[in-house]
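# Architecture at a glance
Residue strings, one per chain:
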Amino acid sequence: MGQADSPADRIVKRYSEERENGQKSPSEAWRATYDWWIASNPTGKGDPSQSWRSASGKAFEKIVHKELKLQIASLPVALHVFSWSELDAEIQQGVLAERVWKPHSLKEPVIVPSMVDLVVASGESKEKLSHVVAVYSCKTSLAERYQQDLFWAQRLRERRIRFCLVTLDEECTTYATAQTSPDAGKSLRLAVALYDRIYLFTDDAVRHEPQVFRQVAQLGSDLCRWSEVL
């Protein structure tokens with residue numbers, strides 16, 4: 001099986017079909033993709049729920065990338081989305097990196113890149129960028145990497161770059177959409193303080209911490225607003 005036909009790529013392709021051809025919301029498209037996977041078992045091997053868990057994590061960042069591109073295309077501002085590997089080294093090692101020094105060394109800084117998952121920048125074209133508007137961590141749960149994000153969120157915020165999380169985390173979704181006042185665990189309280197936005201794959205109304213929690217369908221509207229205040 002070639003790379004273009006990998007399980008993760010099949011998930012991305014099906015999601016795109018559900019989203020664009022089926023006119024579904026992001027969360028509806030994700031659920032429909034999961035239902036299709038379980039029903040059809042496209043790998044033809046073992047329990048489809050096991051292969052879904054294995055492949056969906058790899059597919060998630062690509063799906064968020066596609067979602068950003070889809071929403072940006074309808075905005076009245078010139079924005080461009082990049083994966084980390086698509087960025088010029090000047091950006092990777094510049095505004096999205098930090099210089100640190102080894103102990104007892106004054107002249108040999110080490111460049112530490114943030115290696116964020118996705119980046120949205122403004123500019124006339126992908127070759128003529130003017131400002132990094134926002135960066136995104138794409139994680140299926142809060143357990144993934146957010147300890148590192150704690151450092152980078154503060155550094156990038158000082159440079160007027162929004163730091164966001166796009167997640168499938170059930171605790172986040174349950175908390176944000178609960179009908180009654182929910183209890184927030186330590187990890188969730190830290191996440192609310194850490195990120196400028198936490199985008200959730202849900203169609204349910206956000207009732208708690210709406211200044212941070214958003215439906216993933218609102219990625220574009222936030223970017224439009226932020227680009228106007230650069």
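Up top is the structure these notes are about.
Residues numbered from 1 in each chain as written. Predicted model: local features only at pLDDT ≥ 70, side-chain atom pairs only at ≥ 80, totals over all residues. Heavy atoms only, no water.

## Quick notes on the overall build of the chain
We apply this condition: Secondary structure counts use DSSP, requiring at least four H or I residues in a row for a helix and at least two E residues in a row for a strand, with both numbered from the N terminus. With the radius of gyration taken over C-alpha atoms, the globule rule is written as 2.2 Å times the number of residues to the power 0.38. For every residue, the accessible area obtained with a 1.4 Å probe (protein chains only) is divided by the maximum for its type, and the residue is called buried under 20%, exposed over 50%, and partly exposed between those limits. In this analysis, two residues are considered to be in contact whenever any of their non-hydrogen atoms come within 4.5 Å of each other.
A tally of helices and strands in the chain yields eight helices and eight strands. Taken against the 2.2 N^0.38 rule, which gives 17 Å for 230 residues, the C-alpha radius of gyration of the chain at 19 Å falls within 12% of a compact globule. Seen along its three principal axes, the alpha-carbon backbone of the chain occupies a region of about 60 × 50 × 40 Å. Classification of the 230 residues of the chain by burial places 47% in the buried group. Relative to all contacts within the chain whose residues are 6 or more apart in sequence, the contacts with residues 24 or more apart total 64%.

## Here we look at the nonpolar core
The nonpolar side chains of a soluble globular protein tend to be buried, and buried together. Condition: In plain words, nonpolar cores are sets of buried Ala, Val, Leu, Ile, Met, Phe, Trp, Tyr and Cys residues tied together by side-chain atoms within 4.5 Å.
Judged by nonpolar contacts, the single largest core of 33 residues is most densely connected at Leu68, Tyr136, Val166, Phe201 and Leu223. Considering each element in turn, this core owes the most residues, eight residues, to helix 3 (residues 48–72). In this view, Tyr136 contacts Leu68, Val116, Asp117, Leu118, Val120, Cys164, Val166, Tyr199, Leu219, Leu223 and Trp226; residues no more than four positions away in its chain are not counted.

## Topic: the side chain of Ser16
Looking at the element boundaries, Ser16 is found in helix 1 (residues 7–21). Sequence-distant contacts of Ser16, that is, excluding residues within four places in its chain, are made with Asn21 and Lys66.

## Let's talk about helix 7 (residues 186–194)
Cut-off, in case you're wondering: The directions considered for the arc are those from the helix axis to the C-beta atoms.
Listed as buried for helix 7 are Leu188, Ala191, Val192 and Leu194. Along the long axis of helix 7, the arc covered by the buried residues comes to 165 degrees, so they all point the same way. Pointing more than 90 degrees away from the buried face of helix 7 are the exposed residues Lys186, Arg189 and Ala193.

## So, the packing of helix 3 against helix 8 (residues 219–227)
For clarity, the cut-off: A fitted line through C-alpha atoms serves as each axis, taken over the contacting stretch for helices, and the angle formed by two N-to-C directions is quoted from 0 to 180°. Roughly parallel here means an angle under 35 degrees, roughly antiparallel means over 145, roughly perpendicular means 65 to 115, and every remaining angle is called oblique. Helix crossings get a hand from a simple test, with the near helix turned counterclockwise from the far one by less than a right angle marking a left-handed crossing and a clockwise turn marking a right-handed one.
At a closest axis distance of 9 Å, the pairing of helix 3 and helix 8 adopts a crossing angle of 60 degrees. In terms of orientation, helix 3 and helix 8 fall into the oblique class. As for how helix 3 packs across helix 8, the hand of that crossing is right-handed. Residue-level inspection shows Glu67, Leu68, Gln71 and Ile72 of helix 3 in contact with helix 8, the latter providing Leu219, Gly220 and Leu223.

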